[in-house]
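Analysis of the macromolecular model
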Amino acid sequence: MDREGVVSQRPDPRFEPVEAPEPPTLPDPAHAYEGERGYEPVQPRWGVRDLVRKLFAPLVALVLLLVKFGGVLLKFKVVATAGSMLVSIAAYAWIWGLPFAVGFVVLILVHELGHVLELRRQGVPASAPLFIPFLGAVIGMKELPEDAWREARVALAGPILGSVGAAALWAAGEAAGSDLLVALAFVGFFLNLFNLIPIVPLDGGRAVAALHPAIWFAGLLLMVGLAVVSPNPILILIVILGGLDLWRRWRERGDAADYYRLPAWQRATVAVVYLGLATVLALAMSATYVERDL
């Protein structure tokens, strides 16, 4: 207010507008040494030590178990089977996780037990299944069955019992709403169908020996085609072993004529079971296919 009592119109400098600073941006537009984000993203750390620990921890546990109870366990033939199963589970768990690995190995065990049961029913001495990671399992026979008819029954017993095991997982998966069990059933059906390819050392090669040895050539060509389309060490190994066995059996077919000479009804039975099982497995695979959520 001036001397005359009039209010002054001069503005107060405290309320004068000033230029606001430029607002900062997020993240900082100046690239930091960590990259364009301006910070180091969190990433899982993988090292040789972690890899070795995850891969060999089950094996170390198995060795400690054998050291502690070896004197008792070695008296039983089940040790070799159980030990090889644990090794296979550890190998598959590294890729697919423990639950799937356990189910996968159990499916292989059920398949192999089909062979063992039929061999023992025929009185043929056979070893317990021995598991080989990424190659399945093998059973040692001290002697061959009496003829191709009995060999075919041994060969088909594995896929038949293996298919029953996969079907049981399918039923349990549907009842529990478990995609894991259904996916395991799909894998079980696939394994048994793959084993029906008519080439030795697969079960299909031993089964079609009761039909006609010439079918082995079709199986060999099919396996070569699969190996070309999808190169895989296991497929290549089967091609090599199948080719060698085919060459041996074909050369010896004259000397083993009685082994392959069967009544028509036996050949017909093998053909019906073989083709029927392959058809059922293909349909079961279609029904149990589970889409992967990526």
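So, here's what we can say about the structure.

Cut-offs and rules
- Residues numbered from 1 in each chain as written.
- Predicted model: local features only at pLDDT ≥ 70, side-chain atom pairs only at ≥ 80, totals over all residues.
- Heavy atoms only, no water.
- Helix = DSSP H or I, 4+ residues; strand = E, 2+ residues; numbered from the N terminus.
- Buried < 20%, exposed > 50% of the residue type's maximum accessible area, 1.4 Å probe, protein only.
- Contact = heavy atoms within 4.5 Å.
- Areas by Shrake-Rupley, 256 points an atom, 1.4 Å probe, with all protein chains shown as cover.
- Core = buried A, V, L, I, M, F, W, Y, C linked by side-chain atoms within 4.5 Å.
- Axes fitted to C-alpha atoms, helices over the stretch in contact; angles between N-to-C directions.
- Parallel < 35°, antiparallel > 145°, perpendicular 65-115°, else oblique.
- Left-handed = near helix turned anticlockwise from the far one by under 90°.
- Nonpolar A, V, L, I, M, F, W, Y, C, P; charged D, E, K, R; others polar.
- Phe/Tyr/Trp six-rings, centres within 6.5 Å; stacked < 30°, edge-to-face > 60°.

Overview of the overall build of the protein
Counting secondary structure elements, the protein contains ten helices and two strands. Seen in sequence order, the protein has helices and strands lined up from the N terminus as α-α-α-β-β-α-α-α-α-α-α-α. For the protein, the proportion of its 294 residues judged to be buried stands at 33%. A fraction of 64% describes how many contacts in the protein between residues 6 or more apart in sequence connect residues 24 or more apart. Of the roughly 19200 Å² of accessible surface on the protein, a fraction of 67% belongs to carbon and sulfur atoms.

Thoughts on the nonpolar core
Formed by 48 residues in total, the largest nonpolar core has its most connected members in Phe131, Phe189, Leu196, Ile199, Trp216 and Met223. Those elements that place two or more of their residues in this core are helix 2 (78-96), helix 3 (98-121), helix 4 (148-176), helix 5 (179-194), helix 7 (215-229), helix 8 (233-251), helix 9 (257-260) and helix 10 (264-288). Residues within four places of Trp216 in sequence aside, it is in contact with Pro198, Val200, Gly205, Val208, Ala209, Leu246, Arg249 and Tyr260. Counting six residues, the second largest nonpolar core, distinct from the first, contains Val116, Val124, Ala126 and Ile139.

Things to note about the packing of helix 4 against helix 5
Where helix 4 meets helix 5, the closest approach of the two axes is 8 Å, and the angle between their N-to-C directions is 165°. Taken together, the axes of helix 4 and helix 5 are roughly antiparallel relative to one another. You can see that helix 4 and helix 5 cross each other, and the crossing is left-handed. Taking contact as the criterion, the partners of Gly158, Pro159, Gly162, Ser163, Ala166, Ala167, Leu169, Trp170, Ala172, Gly173 and Glu174 in helix 4 are, on helix 5, Leu181, Val182, Leu184, Ala185, Gly188, Phe189 and Asn192. A breakdown of the residues in the contact of helix 4 with helix 5 according to their chemical character gives eleven nonpolar, six polar and one charged.

Some remarks on the packing of aromatic side chains
This model, assessed by the stated rule, comprises ten aromatic pairs. Centroid distance Tyr92 to Phe104: 4.9 Å. Interplanar angle 85°. Geometry classified as edge-to-face. One end of the pair, Tyr92, is in helix 2; the other, Phe104, is in helix 3, with twelve residues separating them in the sequence. Owing to a relative accessible area of 3%, Tyr92 belongs among the buried residues under this scheme. Here the aromatic cluster, defined as three or more aromatic residues joined through ring pairs, consists of Tyr92, Trp96, Phe100 and Phe104.

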